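Tertiary structure, described
Take a look at the letters that make up each chain.
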Amino acid sequence: RLSFVSISLSNPHLLSVTITERDPFALYCTNVVEINNPKDCYFLDKTGYIFSEAPSFSGGVYFVYTNEPVLDTPLRKSFLNKEIFSTIEPFVTSLGQIGLYPKVFINKGDEFNLVLSNGAVVRWKSNTDLVTIQSDLESFLVDPNFIKEKNALQRILYIDLRFGNKVFYKFRD
């Protein structure tokens, strides 16, 4: 739970201890079957470090991260490399500006998945730049073939960006 501890001797009779606690940033959950009610969750700090068990929350208090397969003992582990993890939050936040509302980020090793609020899944290769992914999503959402579909965003089942400049998608019905 601590991110920083400093101990110093101010004088021979005074010991100074400074402690900084980690701030909860998001959740790491091992059960995301119900995206609006994840279970078995832990707090993540802004670096992706899993530092404490989290109480049960209802309805999206924190954004949720998970792995497939899930970490056996998540405490005191990092969800992802710090540099990669630091790019995910701005990316996730920016998707709301184009009408996509992410709820759960899933690390599958060589592939990342983002589960949206409507249950749809966006898939891409983990080594693909997130600026490219966002650009591809923006282009896809304004494509005339997609726009002409009635309630397209509500009906989408998945958007697959794993194959270069091609976007594959499927509707629920």
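Structure: above.
Here's what I pulled together on the structure shown here. These numbers come from a predicted model, not from an experiment.

Parameters at a glance
- Residues numbered from 1 in each chain as written.
- Predicted model: local features only at pLDDT ≥ 70, side-chain atom pairs only at ≥ 80, totals over all residues.
- Heavy atoms only, no water.
- Salt bridge = Lys/Arg side-chain N within 4 Å of Asp/Glu carboxyl O.
- Helix = DSSP H or I, 4+ residues; strand = E, 2+ residues; numbered from the N terminus.
- Buried < 20%, exposed > 50% of the residue type's maximum accessible area, 1.4 Å probe, protein only.
- Disulfide = S-S within 2.5 Å.
- Pairing = 2+ DSSP bridges.
- Phe/Tyr/Trp six-rings, centres within 6.5 Å; stacked < 30°, edge-to-face > 60°.
- Lys NZ or Arg CZ within 6 Å of the ring centre and 35° of its normal.
- Patch = residues over 30% accessible without salt bridge, like charges linked within 9 Å, V, L, I, M, F, W, Y side chains within 5 Å.
- Areas by Shrake-Rupley, 256 points an atom, 1.4 Å probe, with all protein chains shown as cover.

Looking at the pattern of salt bridges
Tallying each qualifying case throughout the model produces five salt bridges. Linking Lys 108 and Glu 68 is a salt bridge whose minimum nitrogen-to-oxygen distance equals 3.4 Å. Linking Lys 108 in the loop between β8 (102-107) and β9 (111-116) with Glu 68 in the loop between β6 (64-67) and β7 (77-78), this pair joins segments that are 40 residues apart in sequence. Between Asp 160 and Arg 162 there is a salt bridge, and its shortest N-O distance comes to 2.5 Å. With relative accessibility at 5%, the residue Asp 160 sits in the buried group. Taking relative accessible area as the criterion, Arg 162 reaches 25% and is therefore assigned partly exposed. Each of Glu 111, Asp 160 and Arg 162 takes part in one network of salt bridges that share partners.

Considering the state of the cysteines
As enumerated under the stated definition, the model contains one disulfide in all. The disulfide that involves Cys 29 links it to Cys 41, with 2.0 Å between the sulfurs. The disulfide joining Cys 29 to Cys 41 has a torsion of about 110 degrees about its S-S bond and is therefore right-handed. Remark: Cys 41 occurs in strand β4 (residues 39-44) and Cys 29 occurs in strand β3 (residues 26-31); sequence separation between them is twelve residues. Assigned by exposure class, Cys 29 and Cys 41 land together as buried.

A few points about the pairing of strand β12 (residues 166-171)
Relative to β12, strand β11 (residues 156-163) runs antiparallel, the two sharing five bridges. Its bridge partner lying in β12, Ile 159 is registered against Tyr 169. In textbook terms, the turn of a hairpin is the stretch between consecutive antiparallel strands, and for β11 and β12 this stretch comprises two residues, one of which, Gly 164, has a positive phi near 70 degrees.

Quick notes on the packing of aromatic side chains
Throughout the structure, instances matching the rule amount to 20 aromatic pairs. Taken together, a centroid distance of 5.8 Å and an interplanar angle of 55 degrees make the contact between Tyr 65 and Phe 105 tilted. In this pair, Tyr 65 is assigned in strand β6 and Phe 105 in strand β8, connecting sequence segments 40 residues apart. This pair shows no difference in class: Tyr 65 is buried, exactly as Phe 105 is. Each ring, one from Phe 105 and one from Trp 124, has its centre 6.2 Å from the other, and the planes form 65 degrees; the classification is edge-to-face. Of this pair, Phe 105 sits in strand β8 while Trp 124 sits in strand β10 (residues 121-125), and the two are 19 residues apart along the sequence. For Phe 105, a relative accessible area of 1% translates into the label buried. Among the aromatic side chains, those forming a connected cluster through ring pairs are Phe 25, Tyr 28, Phe 63, Tyr 65, Phe 79, Phe 85, Phe 91, Phe 105, Phe 112 and Trp 124. The ring of Tyr 158 has Arg 123 lying over it, and the distance from NZ or CZ to the ring centre is 4.9 Å. Lying over the aromatic face of Phe 171, Arg 155 brings its terminal NZ or CZ to 4.3 Å of the ring centre.

Some remarks on a nonpolar patch on the surface
Taken together, the side chains of Val 5, Ile 7, Leu 9, Leu 15, Val 17 and Ile 19 present a nonpolar region at the surface, about 600 Å² in accessible area. At the level of elements, β1 (2-11) and β2 (14-21) are the ones that each hand at least two residues to the nonpolar patch. With respect to the helices, strands and loops of the structure, Ile 19 is situated in strand β2.

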